[in-house]
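Reading the structure
So you can see what is in the structure, the chains are spelled out below.
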Amino acid sequence: MKPVSLKSALNAAIKAARAAGQVMHANWHKPKRVNSAEAHDIKLELDVRCQALIEKILAKAFPQIPVLGEEGSTGDVTAEYRWVIDPIDGTVNYFFGMPHAAVSIALQRRAKSVVGVIYDPFTDEIWTTTQDAPTRLNGQIIRVSNRPRLNDCVIAMGFSKTKDNLQKSLPHLIRISRQAKKIRIMGSAALELVYVACGRLDAYIERTINLWDVAAGSLLVENAGGEFYTRPGPNGKLRMCADNGRLRKKLKIGSLLK
């Protein structure tokens, strides 16, 4: 397959993210149809509808590129290029009427993200980047924070609710909460990552997460001057930490992501 124009891919991803975001916003206060409800998660009919809209827009521009998405995949997702989509990241927030959810779209080449777009329809903020380019928020170049001391930092954490993960995560939550200025548990990995990218957060940690939650945000953090660390987790999931590039040793990343 010939190389894909990253500029064209970025434009397609922006168009798709904004279109899905408009659907999210238009349906925010309307009754939601639940496709499935688990102990700690909710899947909405709107998730499926938003992903279908995203796929339609992306396929019109790049019909040959498969999709790996939270709501299902199309084509050969082991191909050289693939889209990685989370149509509504923060579905539980969205379902309960909390305006903290976003659309996340990445283009990957050989499993490495080369385009990243995250759109928050409630603030009308869109974070964008391509390989080796700066990260932008609504067109303006952004950078991570320069805070080097944990006691000046705001750290976000997220938790899988399995017994094993909680047993391993809670000691780190206690340790970091004693050191950091504030801890936040906000419920949207995509937004936590771009908040690190623009300096609203100084780090974000999650020990069990899916690729579609972080594929776009990881590139946005790195291209804003931050660092993104990941290790394989259970059942195809990932362990991850994103920070401003100054906190690795203080956060004890090695032990945290075991």
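Before going into details, it helps to say that this report is about the structure given with it. Being a predicted model, the structure only gives us computed values, none of them experimental.

1. Some words on the pattern of salt bridges
Evaluation of the coordinates by the stated rule reveals 8 salt bridges. For Asp202, the salt bridge identified is with Arg147, shortest N-O distance 2.7 Å. A residue pair is termed long-range when its members are at least 10 positions apart, and Asp202 in the loop between helix 5 (189–197) and strand 13 (203–209) and Arg147 in the loop between strand 10 (140–141) and strand 11 (154–158) qualify at 55 residues. Measuring nitrogen to oxygen at the nearest pair gives 3.5 Å for the salt bridge that ties Glu227 to Arg248. One end of the pair, Glu227, is in strand 14 (residues 227–232); the other, Arg248, is in helix 7 (residues 248–251), and 21 residues separate them in sequence. Salt bridges here are not isolated pairs; linked through shared partners, they connect Glu80, Arg109 and Arg110.

2. Details of the pairing of strand 6 (residues 102–109)
Taking burial as the measure, the 8 residues of strand 6 include 7 buried ones, the bulk of the element. Bridge analysis of strand 6 against strand 7 (residues 112–120) gives 7 bridges, and the strand direction is antiparallel. Residue pairing across strands places Arg109 opposite Lys112, the latter belonging to strand 7. Here strand 6 folds back onto strand 7 in antiparallel fashion, the turn holding 2 residues, of which Arg110 has a positive phi close to 50°.

3. With respect to the sheet that holds strand 15 (residues 238–243)
Across the sheet, which stays open at both edges, the 5 strands sit in the order 12-11-13-15-14 with mixed pairing between neighbours. Whereas interior strands pair on both sides, the edge strands pair on one side only; in this sheet they are strand 12 (182–184) and strand 14. Adjacent strand axes in the sheet meet at a mean angle of 15°, parallel and antiparallel pairs treated alike. Here strand 11 pairs with strand 13 via 4 bridges, running parallel. Bridge pairing in strand 13 links Met157 to Ile205. The strands touched by helix 4 (residues 163–179) are strand 11, strand 12, strand 13 and strand 15; relative to strand 13, the strand with the most contacts, the crossing angle is about 170°. Contacts from helix 5 reach strand 11, strand 13, strand 14 and strand 15 within the one sheet, and its direction differs from that of strand 13 by about 150°.

4. Details of the side chain of Glu192
With respect to the secondary-structure elements, Glu192 resides in helix 5. Nearest to the buried, unbridged Glu192 among oppositely charged side chains is Arg200, at 9.3 Å. Not counting chain neighbours up to four residues away, the residues in contact with Glu192 comprise His100, Ala156, Met186, Gly187, Leu201 and Tyr204.

The rules behind the values
Residues numbered from 1 in each chain as written. Predicted model: local features only at pLDDT ≥ 70, side-chain atom pairs only at ≥ 80, totals over all residues. Heavy atoms only, no water. Salt bridge = Lys/Arg side-chain N within 4 Å of Asp/Glu carboxyl O. Helix = DSSP H or I, 4+ residues; strand = E, 2+ residues; numbered from the N terminus. Buried < 20%, exposed > 50% of the residue type's maximum accessible area, 1.4 Å probe, protein only. Pairing = 2+ DSSP bridges. Axes fitted to C-alpha atoms, helices over the stretch in contact; angles between N-to-C directions. Contact = heavy atoms within 4.5 Å. Lys, Arg positive; Asp, Glu negative; His and termini not counted.

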